[in-house]
Amino acid sequence: MPHITIALLRKRAEHNEGMISSLEEVSLHQEELESINEVLGTNCRKLKILYLQNNVIRKIQCLKYLRELEYVNLALNNISKIEGLQNCEFLNKIDLTLNFIDFDELEASMKHLARLENLRDLYMMGNPSQADWDAGKFNHYVIAMLPQLERIDGVEITRSMQIQARQKLPALSKELETLAEGVRTTKVAKATEKKAA
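Residues numbered from 1 in each chain as written. Predicted model: local features only at pLDDT ≥ 70, side-chain atom pairs only at ≥ 80, totals over all residues. Heavy atoms only, no water.

## Focus: the environment of glutamine 86
Thinking step 1. Looking at the element boundaries, glutamine 86 is found in the loop between β3 (71–73) and β4 (93–95).
Thinking step 2. Residue class for glutamine 86 comes out partly exposed when judged on its relative accessible area of 44%.
Thinking step 3. Apart from the residues within four sequence positions on either side, glutamine 86 is in contact with His112, Arg115 and Leu116. (Helix = DSSP H or I, 4+ residues; strand = E, 2+ residues; numbered from the N terminus. Buried < 20%, exposed > 50% of the residue type's maximum accessible area, 1.4 Å probe, protein only. Contact = heavy atoms within 4.5 Å.)

Below you can see the structure in the form of structure tokens.
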């Protein structure tokens, strides 16, 4: 599987005359990348926009040096939990469309994003937690957990949506616990089946 290398970054930095240290935007989509490694964060500390969509990345990691990052696109990957973004304090837009964030990791993922005060735009369409939970309930849960958000999946969040979301949060949190337990049980059963096979 391909990895992020200096050569790949230079190739993608043609518009910046191959200079990667001052790069503010880089597109690494459709590269079959399996992971995000240290090469990106240690060499491209000025990045503001990062396109990583349409790869096979399983984990959000090695972004701790990208303090100036404002937008990251991780749509169409294999991510099951939102993590590793705590140092990206200027992050205001994240696209996680069509990943694998399910009920068992939704609460932890939202708690992680709650620390990002500048986050305004979040795309979660097509994740199991979004697809398998009534859209209204999913949106209310996310809105209540992330009061700084202004848009969810491109939809403007109104004041009344925020109020409703806060009112519904206790019931939604309980429902999520049950849904998460169901997912964990299914995952354990599948893992046991796999071992037995």
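Next, the rest of the story.
## Here's the deal with helix α3 (residues 103–114)
Side chains of residues three or four places apart in an α-helix project in the same direction, reflecting 3.6 residues per turn.
Thinking step 1. Under the 1.5 Å per step criterion, the end-to-end length of α3 is 17 Å for 12 residues, consistent within 8% with the ideal 16 Å.
Thinking step 2. Residues Phe103, Asp104, Leu106, Ser109, Met110, His112 and Leu113 constitute the buried set of α3.
Thinking step 3. Against β4, β5 (121–123), α4 (128–131), α5 (135–145) and α6 (159–196) lie the buried residues of α3. (Expected span 1.5 Å × (residues − 1).)

## Re the sheet that holds β5
In any sheet, the strands associate via hydrogen bonds between backbone groups, in a parallel or an antiparallel arrangement.
Thinking step 1. An order of β1-β2-β3-β4-β5-β6-β7 is seen for the 7 strands of this open sheet, with the pairing classed as mixed. The open sheet is flanked by β1 (25–27) and β7 (155–156), the only strands paired with a single partner.
Thinking step 2. As defined by bridge partners, β3 adjoins β4 across 3 bridges and the pair is classed as parallel. Note on β4: the bridge partner recorded for asparagine 73 is aspartate 95. (Pairing = 2+ DSSP bridges.)

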